[in-house]
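# Inside the fold
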Amino acid sequence: MKYTSQTITILTAEDDPDDCVLVQDAFRESGQNDQLYFVEDGIQLMQYLRRQDSYAAPQAAPRPDLILLDLNMPRKDGRESLAEIKADPNLRGIPVVVLTTSSAEEDVLRTYDLGAAGYITKPDTFQRLVEIVKGLKRYWFEVVELFHADDASYGLESYARPCASD
Amino acid sequence: MPKSAKPVVFLMADDDPDDRLLINEAFKESLLCNSLYFVEDGVELLDYLHHEGKYADRQASPTPDLILLDLNMPRKDGREALAEIKNDSRLRYIPVVVLTTSKAEEDIMRSYDIGAASYITKPVTFDGLVEAIKGLGQYWVQIVRLPVREN
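In this report, the structure presented in the accompanying data block is examined. For clarity, every value in this text was computed on a predicted model and none was experimentally measured.

The next thing to look at is the packing of helix α3 (residues 78–87) of chain A against helix α4 (residues 105–114) of chain A. When two helices pack together, their arrangement is captured by the angle between the axes and the distance separating the axes. Residue and element names in this part refer to chain A. The interhelical angle for the contact between α3 and α4, taken along N-to-C directions, is 20°, at an axis separation of 9 Å. Between α3 and α4, the crossing angle belongs to the class labelled roughly parallel. Along this stretch, α3 crosses α4, giving a crossing that reads as left-handed. Contacts between α3 and α4 involve R79, L82, A83 and K86 from the former and D107, R110, T111 and L114 from the latter.

With that out of the way, let us pick up the packing of helix α1 (residues 17–29) of chain B against helix α5 (residues 126–143) of chain B. Residues and elements named next belong to chain B. Where α1 meets α5, the closest approach of the two axes is 9 Å, and the angle between their N-to-C directions is 60°. Viewed along their axes, α1 and α5 adopt a mutual orientation that is oblique. Here α1 runs over α5; the crossing is right-handed. Mapping the contact onto sequence places L22, I23, E25, A26, F27 and E29 in α1 and F126, L129, V130, I133, K134 and L136 in α5.

Turning our eyes to something else, we now look at the sheet that holds strand β2 (residues 35–39) of chain B. Strand pairing in a sheet is mediated by backbone hydrogen bonds. Such pairs are either parallel or antiparallel. Residues and elements named next belong to chain B. Spatially, the five strands line up as an open sheet ordered β2-β1-β3-β4-β5, and their pairing is parallel. Of all strands in the sheet, those with a lone pairing partner are β2 and β5 (118–121), marking the two edges. On average, each strand axis in the sheet is inclined to that of its neighbour by 20°, with strand direction left out of account. Pairing geometry for strand β3 (residues 66–69) and strand β4 (residues 96–100), over three bridges, is parallel. Considered in β4, the bridge of L69 is made with V98.

Take the pairing of β4(B) next. Residue and element names in this part refer to chain B. For β4, the tally of buried residues reaches five of five residues, placing the bulk of the element in the interior. A two-sided burial pattern is seen for β4, the buried positions comprising V96, V98 and T100 on one face and V97 and L99 on the other. One crossover worth recording links β3 to the parallel β4 by way of helix α3 (residues 78–86), and it is right-handed. Of the strand pairs in this sheet, β4 and β5 are connected by four bridges, and their pairing is parallel.

Conventions adopted
Residues numbered from 1 in each chain as written. Chains lettered and ligands numbered in written order. Predicted model: local features only at pLDDT ≥ 70, side-chain atom pairs only at ≥ 80, totals over all residues. Heavy atoms only, no water. Axes fitted to C-alpha atoms, helices over the stretch in contact; angles between N-to-C directions. Helix = DSSP H or I, 4+ residues; strand = E, 2+ residues; numbered from the N terminus. Parallel < 35°, antiparallel > 145°, perpendicular 65-115°, else oblique. Left-handed = near helix turned anticlockwise from the far one by under 90°. Contact = heavy atoms within 4.5 Å. Pairing = 2+ DSSP bridges. Buried < 20%, exposed > 50% of the residue type's maximum accessible area, 1.4 Å probe, protein only. Right-handed = clockwise from strand over helix to strand, strands pointing away.

What follows is the structure, encoded as structure tokens:
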């Protein structure tokens, strides 16, 4: 069940295109064939997770194993999105890790209160970001067991996953 | 990067004395220089978190930064204890990591559903346990920021 050889699907919600590139590069640098998806704000994030609009096509929005969530985004921010995910019985089993520039204690406390499974302040250097991504992957995909919902219970449309788990 | 001025306080709820010993050894082995406290079941866990009874002294029983929770325990099991913690507005900010022998999909699903921050199946070997604790420590101590505790 652990992803030693399987593909890991990670969904990043981040409005800053430069930060998206950095995250992508850091994952590439950390090795393995991860599947990274990006959305630009909380509205897109919820559409992705619920497979609505542009995410309705089969395989357009594979269920993420982990969500990396920026807090400050336009339209719907990370806090609102986190609250929505954790209030949705189909989605709340997906771990959400906050990755933000904010280091305000209030944000830390509030996001854990809402059900975040980690709060990471974006580091100053790319090298540190790579270390963070490595540690993050090691923890979530080598140490932890994640729950693999069958796709019938996830999103609005069910579809066949390319690699059925278990 | 998290500030490491104060050691991270871990609280482990596990009814099996051998497992408590192994976890303690694995913490030492993985060079996690942090405080580790133990309770033996869900009733004790909630008493500890509420600073009740023998846990009234907040110096001796500091509020944990992270809870490690076994699922199968007498009196009050991990599932009940987790649900109580996550329904308590004063406690639910504390991340709870399930650490159990159970590999049942249902336990994994249900634990995440009621608010576990992650779910770890206890490795069968001591070396495996040390590796798991190292990964756990790296993530929760070095990578993420935890909320600042009140006491």
